[in-house]
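Here is what each chain is made of, one letter per residue.
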Amino acid sequence: MQKLEVPTLRYQLILLRNLALLLGIIPAVAWGFAEPATDNQLAAIPTVVYIITMVSSSLGGLAGTLHRVSKHLEPSETVIRHPKIFVAANMLGGFVAGWVMFFVSTHAGTPTLLVQGLVLMCSFGGAAVVERFVDRYFPAPGEKG
Amino acid sequence: MRNPYTALGALKLYVCLSAGITGWMGLSPTMPMPHLLAFSLLLCVAMVGLVDAVVNDIMPDHYEAAWTAEYRYFIFVVLATGQLSVLHATVVGEHEESTAIRYALDAAAAVLVAVLDIGLRRHHAKTRSADPSLPADPA
(Lines give C-alpha, C1' and ligand atoms only; values in the text may rest on other atoms or scores of the structure.)
Protein backbone atom coordinates (compact mmCIF):
# COMPACT_ATOMS: atom_id res chain seq x y z
CA MET A 1 0.00 0.00 0.00
CA GLN A 2 1.34 3.42 -0.95
CA LYS A 3 2.16 5.72 1.94
CA LEU A 4 0.58 9.20 1.72
CA GLU A 5 2.97 12.15 1.86
CA VAL A 6 2.28 14.67 4.64
CA PRO A 7 1.59 18.15 3.11
CA THR A 8 4.20 20.77 3.93
CA LEU A 9 3.44 23.66 6.25
CA ARG A 10 3.62 26.11 3.33
CA TYR A 11 1.08 24.06 1.36
CA GLN A 12 -1.27 24.01 4.35
CA LEU A 13 -0.90 27.77 4.85
CA ILE A 14 -1.69 28.44 1.18
CA LEU A 15 -4.76 26.20 1.43
CA LEU A 16 -5.91 28.00 4.58
CA ARG A 17 -5.37 31.37 2.90
CA ASN A 18 -7.49 30.36 -0.08
CA LEU A 19 -10.22 28.99 2.16
CA ALA A 20 -10.23 32.21 4.18
CA LEU A 21 -10.45 34.20 0.96
CA LEU A 22 -13.30 32.07 -0.28
CA LEU A 23 -15.29 31.68 2.91
CA GLY A 24 -14.54 34.77 4.93
CA ILE A 25 -13.16 37.93 3.43
CA ILE A 26 -15.17 38.32 0.24
CA PRO A 27 -18.64 37.64 1.75
CA ALA A 28 -17.61 40.03 4.54
CA VAL A 29 -16.95 42.72 1.91
CA ALA A 30 -20.36 41.97 0.38
CA TRP A 31 -22.09 42.34 3.73
CA GLY A 32 -20.09 45.49 4.37
CA PHE A 33 -21.78 47.17 1.42
CA ALA A 34 -25.14 45.73 2.42
CA GLU A 35 -28.40 47.60 2.31
CA PRO A 36 -31.73 46.15 3.50
CA ALA A 37 -32.81 43.43 1.03
CA THR A 38 -36.41 42.71 0.10
CA ASP A 39 -37.86 39.20 0.37
CA ASN A 40 -38.68 38.69 -3.31
CA GLN A 41 -35.39 40.15 -4.55
CA LEU A 42 -34.28 37.02 -6.40
CA ALA A 43 -37.63 36.73 -8.19
CA ALA A 44 -37.31 40.31 -9.40
CA ILE A 45 -33.91 39.76 -11.03
CA PRO A 46 -34.10 39.65 -14.86
CA THR A 47 -32.99 36.45 -16.63
CA VAL A 48 -30.19 38.35 -18.38
CA VAL A 49 -28.57 39.02 -15.00
CA TYR A 50 -28.44 35.28 -14.31
CA ILE A 51 -26.78 34.78 -17.71
CA ILE A 52 -24.27 37.54 -16.92
CA THR A 53 -23.51 35.89 -13.56
CA MET A 54 -23.02 32.53 -15.26
CA VAL A 55 -20.50 34.14 -17.63
CA SER A 56 -18.74 36.00 -14.78
CA SER A 57 -18.39 32.90 -12.64
CA SER A 58 -17.05 30.99 -15.66
CA LEU A 59 -14.57 33.83 -16.20
CA GLY A 60 -13.23 33.29 -12.68
CA GLY A 61 -12.65 29.62 -13.48
CA LEU A 62 -11.11 30.59 -16.82
CA ALA A 63 -8.79 33.07 -15.08
CA GLY A 64 -7.70 30.31 -12.70
CA THR A 65 -7.06 27.97 -15.61
CA LEU A 66 -5.08 30.58 -17.57
CA HIS A 67 -3.10 31.49 -14.45
CA ARG A 68 -2.04 27.90 -14.00
CA VAL A 69 -1.31 27.36 -17.70
CA SER A 70 0.89 30.49 -17.76
CA LYS A 71 3.00 28.98 -14.96
CA HIS A 72 3.75 25.96 -17.14
CA LEU A 73 4.90 27.90 -20.23
CA GLU A 74 8.62 27.85 -19.53
CA PRO A 75 10.45 24.86 -21.05
CA SER A 76 11.93 23.94 -17.67
CA GLU A 77 8.46 23.59 -16.09
CA THR A 78 6.64 20.28 -15.80
CA VAL A 79 3.48 19.63 -17.80
CA ILE A 80 0.04 19.88 -16.20
CA ARG A 81 -0.99 16.55 -14.71
CA HIS A 82 -4.43 15.33 -15.82
CA PRO A 83 -5.31 18.38 -17.97
CA LYS A 84 -8.97 17.38 -18.46
CA ILE A 85 -9.60 16.91 -14.74
CA PHE A 86 -7.67 20.09 -14.05
CA VAL A 87 -9.73 22.25 -16.44
CA ALA A 88 -13.05 20.70 -15.35
CA ALA A 89 -12.23 21.15 -11.66
CA ASN A 90 -11.15 24.76 -12.17
CA MET A 91 -14.30 25.66 -14.08
CA LEU A 92 -16.57 23.80 -11.64
CA GLY A 93 -14.90 25.33 -8.58
CA GLY A 94 -15.16 28.80 -10.06
CA PHE A 95 -18.75 28.23 -11.10
CA VAL A 96 -19.93 27.06 -7.68
CA ALA A 97 -18.07 29.73 -5.72
CA GLY A 98 -19.28 32.44 -8.12
CA TRP A 99 -22.93 31.48 -7.72
CA VAL A 100 -22.60 31.32 -3.93
CA MET A 101 -21.13 34.81 -4.00
CA PHE A 102 -23.91 36.05 -6.29
CA PHE A 103 -26.66 34.83 -3.96
CA VAL A 104 -24.89 36.13 -0.86
CA SER A 105 -24.28 39.56 -2.35
CA THR A 106 -27.79 39.80 -3.83
CA HIS A 107 -29.34 38.90 -0.51
CA ALA A 108 -27.10 41.42 1.22
CA GLY A 109 -28.15 44.16 -1.20
CA THR A 110 -24.62 44.80 -2.49
CA PRO A 111 -24.49 47.64 -5.06
CA THR A 112 -25.09 46.26 -8.55
CA LEU A 113 -21.83 47.46 -10.06
CA LEU A 114 -19.79 45.57 -7.46
CA VAL A 115 -21.65 42.24 -7.65
CA GLN A 116 -19.94 40.86 -10.77
CA GLY A 117 -16.50 41.91 -9.52
CA LEU A 118 -17.10 40.02 -6.27
CA VAL A 119 -18.37 37.03 -8.26
CA LEU A 120 -15.12 37.04 -10.29
CA MET A 121 -12.89 37.26 -7.20
CA CYS A 122 -14.78 34.53 -5.40
CA SER A 123 -14.85 32.20 -8.39
CA PHE A 124 -11.10 32.71 -8.90
CA GLY A 125 -10.57 31.79 -5.24
CA GLY A 126 -12.87 28.78 -5.58
CA ALA A 127 -10.99 27.60 -8.66
CA ALA A 128 -7.67 27.95 -6.80
CA VAL A 129 -8.95 25.90 -3.85
CA VAL A 130 -10.31 23.09 -6.06
CA GLU A 131 -7.10 23.13 -8.12
CA ARG A 132 -5.05 22.43 -5.01
CA PHE A 133 -7.30 19.54 -4.11
CA VAL A 134 -6.81 18.14 -7.61
CA ASP A 135 -3.04 18.47 -7.23
CA ARG A 136 -3.24 16.75 -3.88
CA TYR A 137 -5.59 13.87 -4.68
CA PHE A 138 -4.81 13.18 -8.37
CA PRO A 139 -1.06 12.61 -8.44
CA ALA A 140 0.71 11.67 -11.65
CA PRO A 141 1.42 7.95 -12.17
CA GLY A 142 4.44 6.88 -10.15
CA GLU A 143 4.19 9.92 -7.88
CA LYS A 144 3.16 9.94 -4.24
CA GLY A 145 -0.22 11.58 -3.51
CA MET B 1 -2.53 40.78 -40.97
CA ARG B 2 -0.08 37.91 -41.08
CA ASN B 3 1.52 38.55 -37.72
CA PRO B 4 -0.91 37.36 -35.01
CA TYR B 5 0.74 39.61 -32.42
CA THR B 6 -0.13 42.72 -34.49
CA ALA B 7 -3.80 41.74 -34.73
CA LEU B 8 -3.91 40.95 -31.01
CA GLY B 9 -2.27 44.31 -30.24
CA ALA B 10 -4.96 46.16 -32.20
CA LEU B 11 -7.72 44.26 -30.38
CA LYS B 12 -6.04 44.96 -27.03
CA LEU B 13 -5.89 48.67 -27.82
CA TYR B 14 -9.59 48.72 -28.75
CA VAL B 15 -10.69 46.80 -25.63
CA CYS B 16 -8.67 49.02 -23.29
CA LEU B 17 -9.82 52.27 -24.93
CA SER B 18 -13.44 51.15 -24.85
CA ALA B 19 -13.26 50.09 -21.18
CA GLY B 20 -11.40 53.31 -20.31
CA ILE B 21 -14.10 55.42 -21.98
CA THR B 22 -16.80 53.44 -20.13
CA GLY B 23 -15.01 54.05 -16.83
CA TRP B 24 -14.42 57.73 -17.57
CA MET B 25 -18.02 58.36 -18.67
CA GLY B 26 -19.30 56.64 -15.53
CA LEU B 27 -17.45 58.98 -13.17
CA SER B 28 -19.76 61.68 -11.92
CA PRO B 29 -19.72 63.56 -8.57
CA THR B 30 -23.44 62.88 -8.08
CA MET B 31 -22.99 59.10 -8.13
CA PRO B 32 -22.98 57.05 -4.92
CA MET B 33 -19.62 55.94 -3.56
CA PRO B 34 -19.80 52.22 -4.61
CA HIS B 35 -20.50 53.26 -8.22
CA LEU B 36 -17.60 55.71 -8.20
CA LEU B 37 -15.39 52.96 -6.78
CA ALA B 38 -16.45 50.50 -9.50
CA PHE B 39 -15.93 52.96 -12.37
CA SER B 40 -12.59 54.13 -10.92
CA LEU B 41 -11.39 50.53 -10.72
CA LEU B 42 -12.47 49.91 -14.32
CA LEU B 43 -10.65 53.06 -15.44
CA CYS B 44 -7.47 52.08 -13.56
CA VAL B 45 -7.38 48.54 -14.99
CA ALA B 46 -8.08 49.92 -18.48
CA MET B 47 -5.12 52.30 -18.05
CA VAL B 48 -2.87 49.39 -17.06
CA GLY B 49 -4.04 47.48 -20.16
CA LEU B 50 -3.43 50.55 -22.29
CA VAL B 51 0.12 50.85 -20.94
CA ASP B 52 0.64 47.19 -21.85
CA ALA B 53 -0.72 47.69 -25.38
CA VAL B 54 1.29 50.87 -26.03
CA VAL B 55 4.61 49.82 -24.45
CA ASN B 56 4.70 46.18 -25.52
CA ASP B 57 3.05 46.50 -28.96
CA ILE B 58 3.60 50.00 -30.33
CA MET B 59 6.84 51.32 -28.82
CA PRO B 60 10.27 50.04 -29.98
CA ASP B 61 11.42 46.63 -28.75
CA HIS B 62 13.83 47.87 -26.10
CA TYR B 63 10.89 49.32 -24.12
CA GLU B 64 9.16 46.59 -22.20
CA ALA B 65 6.45 46.36 -19.52
CA ALA B 66 7.20 42.85 -18.29
CA TRP B 67 4.72 42.74 -15.41
CA THR B 68 1.73 43.68 -17.57
CA ALA B 69 2.82 41.18 -20.24
CA GLU B 70 3.06 38.41 -17.66
CA TYR B 71 -0.37 39.07 -16.13
CA ARG B 72 -2.09 40.23 -19.33
CA TYR B 73 -4.66 37.44 -19.23
CA PHE B 74 -5.75 38.58 -15.78
CA ILE B 75 -5.99 42.26 -16.79
CA PHE B 76 -8.29 41.38 -19.66
CA VAL B 77 -10.46 39.00 -17.61
CA VAL B 78 -10.95 41.84 -15.11
CA LEU B 79 -11.81 44.22 -17.96
CA ALA B 80 -14.38 41.72 -19.25
CA THR B 81 -15.94 41.49 -15.81
CA GLY B 82 -16.00 45.28 -15.57
CA GLN B 83 -17.92 45.49 -18.83
CA LEU B 84 -20.29 42.77 -17.58
CA SER B 85 -20.83 44.75 -14.37
CA VAL B 86 -21.87 47.80 -16.38
CA LEU B 87 -24.12 45.58 -18.50
CA HIS B 88 -25.66 44.21 -15.27
CA ALA B 89 -26.31 47.73 -14.00
CA THR B 90 -27.79 48.72 -17.39
CA VAL B 91 -30.15 45.71 -17.42
CA VAL B 92 -31.52 46.46 -13.95
CA GLY B 93 -31.86 50.15 -14.86
CA GLU B 94 -29.21 51.63 -12.56
CA HIS B 95 -27.02 52.90 -15.39
CA GLU B 96 -28.44 54.69 -18.40
CA GLU B 97 -27.00 53.57 -21.71
CA SER B 98 -28.79 52.92 -24.96
CA THR B 99 -26.20 50.53 -26.41
CA ALA B 100 -25.99 47.77 -23.82
CA ILE B 101 -24.89 45.25 -26.45
CA ARG B 102 -21.56 47.11 -26.76
CA TYR B 103 -20.64 46.00 -23.24
CA ALA B 104 -21.36 42.36 -24.07
CA LEU B 105 -19.28 42.53 -27.26
CA ASP B 106 -16.42 44.32 -25.49
CA ALA B 107 -16.44 41.70 -22.73
CA ALA B 108 -16.29 38.95 -25.37
CA ALA B 109 -13.38 40.72 -27.09
CA ALA B 110 -11.53 41.04 -23.77
CA VAL B 111 -11.95 37.31 -23.05
CA LEU B 112 -10.75 36.57 -26.58
CA VAL B 113 -7.59 38.63 -25.97
CA ALA B 114 -6.92 36.80 -22.67
CA VAL B 115 -7.31 33.34 -24.22
CA LEU B 116 -5.41 34.17 -27.44
CA ASP B 117 -2.56 35.72 -25.48
CA ILE B 118 -2.00 32.55 -23.48
CA GLY B 119 -2.44 30.47 -26.66
CA LEU B 120 0.18 32.50 -28.52
CA ARG B 121 2.57 32.46 -25.56
CA ARG B 122 2.17 28.68 -25.34
CA HIS B 123 2.80 28.34 -29.08
CA HIS B 124 5.85 30.59 -28.82
CA ALA B 125 7.20 28.64 -25.82
CA LYS B 126 6.93 25.41 -27.81
CA THR B 127 8.62 26.99 -30.85
CA ARG B 128 11.37 28.43 -28.66
CA SER B 129 12.05 25.09 -27.01
CA ALA B 130 12.62 23.71 -30.51
CA ASP B 131 14.76 26.71 -31.58
CA PRO B 132 16.43 28.47 -28.58
CA SER B 133 17.80 31.27 -30.80
CA LEU B 134 14.31 32.89 -30.96
CA PRO B 135 13.62 35.95 -28.72
CA ALA B 136 12.03 35.35 -25.29
CA ASP B 137 8.60 36.87 -25.98
CA PRO B 138 7.72 38.79 -29.17
CA ALA B 139 4.63 40.37 -27.54
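A. Representation of the interface of chain A and chain B within the structure. Taken residue by residue, the interface counts 27 residues in chain A and 30 residues in chain B. Of the roughly 2400 Å² buried where chain A meets chain B, counting both sides, 82% is carbon and sulfur surface. The largest per-residue losses of area from chain A upon contact with chain B belong to L73, T112 and L113 of chain A, which jointly make up 29% of the total buried on that side. Where chain A touches chain B, the interface holds zero salt bridges. Among the elements of the structure, α2 (47–71) and α4 (112–137) of chain A are those that each provide at least two residues to the side of chain A that touches chain B. No other element matches the twelve residues that α2 of chain A contributes to the side of chain A that touches chain B. Among the residues forming the side of chain A that touches chain B, the class breakdown is 20 nonpolar, six polar and one charged.

B. Focus on the packing of α2 of chain A against helix α3 (residues 83–108) of chain A. Residue and element names in this part refer to chain A. Their axes nearest at 8 Å, the elements α2 and α3 cross at an angle of 140°. One finds that α2 runs oblique with respect to α3. As for the relative orientation of α2 and α3, their crossing is right-handed in sense. Contact with α2, carried on its side by V49, Y50, T53, M54, S57, S58, G61, L62, G64, T65, R68 and V69, involves F86, V87, N90, M91, G94, F95, G98, W99, F102 and F103 of α3 and no other residues of that element. Of the residues belonging to the contact of α2 with α3, the class tally is twelve nonpolar, nine polar and one charged.

C. Layout of the nonpolar core. Counting residues in each nonpolar core, the largest one holds 39 residues, and the members touching the most others are L59 of chain A together with V15, F76 and L79 of chain B. Elements supplying a minimum of two residues to this core: α2 and α4 of chain A together with α1 (4–26), α2 (33–58), α4 (72–91) and α5 (100–130) of chain B. No other element matches α4 of chain B, which puts ten residues into this core. Among all residues touching L59 of chain A, those that are not within four sequence positions of it are L120 of chain A together with V77, A80, T81, L84 and V111 of chain B. V49, W99, M101 and C122 of chain A belong to the second-largest nonpolar core, a separate cluster that totals ten residues.

D. Representation of the environment of L62 of chain A within the structure. Among the secondary structure elements, L62 of chain A is positioned in helix α2. The residues touching L62 of chain A, leaving out its near neighbours within four places in the chain, are M91 of chain A together with V111 and V115 of chain B.

E. Focus on the pattern of salt bridges. Counting across every chain of the model gives seven salt bridges over all chains. E131 of chain A is paired through a salt bridge with R68 of chain A; the nearest N and O atoms lie 2.8 Å apart. In this pair, E131 of chain A is assigned in helix α4 and R68 of chain A in helix α2, connecting sequence segments 63 residues apart. Grouping residues by exposure puts E131 of chain A and R68 of chain A together as buried. Measuring nitrogen to oxygen at the nearest pair gives 3.8 Å for the salt bridge that ties R121 of chain B to D117 of chain B. Residue R121 of chain B and its partner D117 of chain B are both found in helix α5; the two are separated by four residues, about one turn of the helix. Residue classification places R121 of chain B among the buried residues on the basis of a relative accessible area of 13%. Under the relative-accessibility criterion, D117 of chain B is labelled buried at 1%. Connected through shared salt-bridge partners, K12, D52, D57, R72, D117 and R121 of chain B make up one network.

About the thresholds
- Residues numbered from 1 in each chain as written.
- Chains lettered and ligands numbered in written order.
- Predicted model: local features only at pLDDT ≥ 70, side-chain atom pairs only at ≥ 80, totals over all residues.
- Heavy atoms only, no water.
- Contact = heavy atoms within 4.5 Å.
- Buried area = accessible area lost by both parts, 1.4 Å probe.
- Salt bridge = Lys/Arg side-chain N within 4 Å of Asp/Glu carboxyl O.
- Helix = DSSP H or I, 4+ residues; strand = E, 2+ residues; numbered from the N terminus.
- Nonpolar A, V, L, I, M, F, W, Y, C, P; charged D, E, K, R; others polar.
- Axes fitted to C-alpha atoms, helices over the stretch in contact; angles between N-to-C directions.
- Parallel < 35°, antiparallel > 145°, perpendicular 65-115°, else oblique.
- Left-handed = near helix turned anticlockwise from the far one by under 90°.
- Core = buried A, V, L, I, M, F, W, Y, C linked by side-chain atoms within 4.5 Å.
- Buried < 20%, exposed > 50% of the residue type's maximum accessible area, 1.4 Å probe, protein only.

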